[in-house]
Amino acid sequence: MTTTLTDTVRLGLIGDNIADSKSPRLHELAGRLIGRPTAYDRLVPKTLGLDFDAVFEKARAEGFRGLNITYPYKERVVPKLRIDQPQVARLGACNTVVFEADGPRGYNTDWSGFKAAYRHAFGDAAPGAVCMIGAGGVGKAVAFGLVDLGMTELRLVERDLPKAEALAEALRAAVPGLAVSCTTDAAEGAKGASGLVNCTPVGMVGYGGTPLPRENMAGGTWA
């Protein structure tokens, strides 16, 4: 498909709890700033009466240039994509899709963005021992980002222990000797941890509360 700089770039976000997402405003403003007309749609499978796969194919057929993928589809989208970066392929999760002439390509800005934000805030300081709550798509990305940053120990907190154990095994295989433990008890996982990371939907609109009570945050040096 041939496009010009005056054509509107169609983008979208697929997720289940995105009614209040500011992504449309962000991307459409960015488009105006670079002089490129941009349209950005929220695509909620349930609202559209379709499953994720059908929404994905609908966006491709309608000429979308790219998609953001959020909870709970970051892992489900992976088999549909060509992933060129080995560091991203190992994650098993993508949050960004670009439709190219030879098919959709996958990227993960949870991984790259987390590392960039950490370095911006803490420079070359190592993360130390980290308690990470949630081992889904974003948890995988952040966990491997922490590995890249020099993390020495990871406590995975997850209600679904088999999911946590699967991520733990992937991390141990990538970094032999890395200390990784799994628990369903967030307070226990946070004891003595330097870093605290929330990789669950808890705290988003529609998922009120906190994954870790305030009194269990006191020992951390960063979050």
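Note that the structure is a prediction, hence the values are computed from the model and not measured. (Residues numbered from 1 in each chain as written. Predicted model: local features only at pLDDT ≥ 70, side-chain atom pairs only at ≥ 80, totals over all residues. Heavy atoms only, no water.)

Caption draft 1: Up close: the packing of aromatic side chains. Across all of its chains, the model carries seven aromatic pairs by this definition. Where phenylalanine 52 meets phenylalanine 56, the ring centres are 6.2 Å apart and the plane angle is 45°; that geometry is what we call tilted. In this pair, phenylalanine 52 and phenylalanine 56 both sit in helix H3 (residues 52-61), four residues apart, roughly one turn of the helix. Judged by its relative accessible area of 1%, phenylalanine 52 is buried. Ring geometry for phenylalanine 52 against tyrosine 73: centres 4.7 Å apart, planes inclined by 15°, an arrangement best described as stacked. Within this pair, whereas phenylalanine 52 is found in helix H3, its partner tyrosine 73 is found in the loop between strand E3 (66-69) and helix H4 (86-89), the two being separated by 21 residues in sequence. An aromatic cluster of at least three residues, connected via ring pairs, comprises Phe52, Phe56, Tyr73 and Phe99. (Phe/Tyr/Trp six-rings, centres within 6.5 Å; stacked < 30°, edge-to-face > 60°. Helix = DSSP H or I, 4+ residues; strand = E, 2+ residues; numbered from the N terminus. Buried < 20%, exposed > 50% of the residue type's maximum accessible area, 1.4 Å probe, protein only.)

Caption draft 2: Inspection of the pattern of salt bridges at higher detail. Applying the stated criterion across every chain yields a total of 18 salt bridges. When the shortest N-O distance is used, the salt bridge between aspartate 41 and arginine 10 registers 3.5 Å. Remark: arginine 10 occurs in strand E1 (residues 9-14) and aspartate 41 occurs in strand E2 (residues 38-43); sequence separation between them is 31 residues. Judged by relative accessible area, which is 29%, arginine 10 ranks as partly exposed. The residue lysine 191 makes a salt bridge to glutamate 188 at a minimum N-O spacing of 3.3 Å. The exposure class of lysine 191 is exposed, given its relative accessible area of 55%. Residue glutamate 188 is classed as partly exposed on the basis of its relative accessible area, which comes to 43%. (Salt bridge = Lys/Arg side-chain N within 4 Å of Asp/Glu carboxyl O.)

Caption draft 3: Structural context of the environment of phenylalanine 64. By secondary structure assignment, the location of phenylalanine 64 is in the loop between H3 and E3. By relative accessible area, which is 5% here, phenylalanine 64 ends up buried. Sequence-wise, phenylalanine 64 and leucine 11 are 53 residues apart; in three dimensions their C-alpha atoms are separated by 5.6 Å. Contacts of phenylalanine 64, omitting those with residues within four sequence positions, involve Arg10, Leu11, Gly12, Asp41, Leu43, Ala59 and Phe99. (Contact = heavy atoms within 4.5 Å.)

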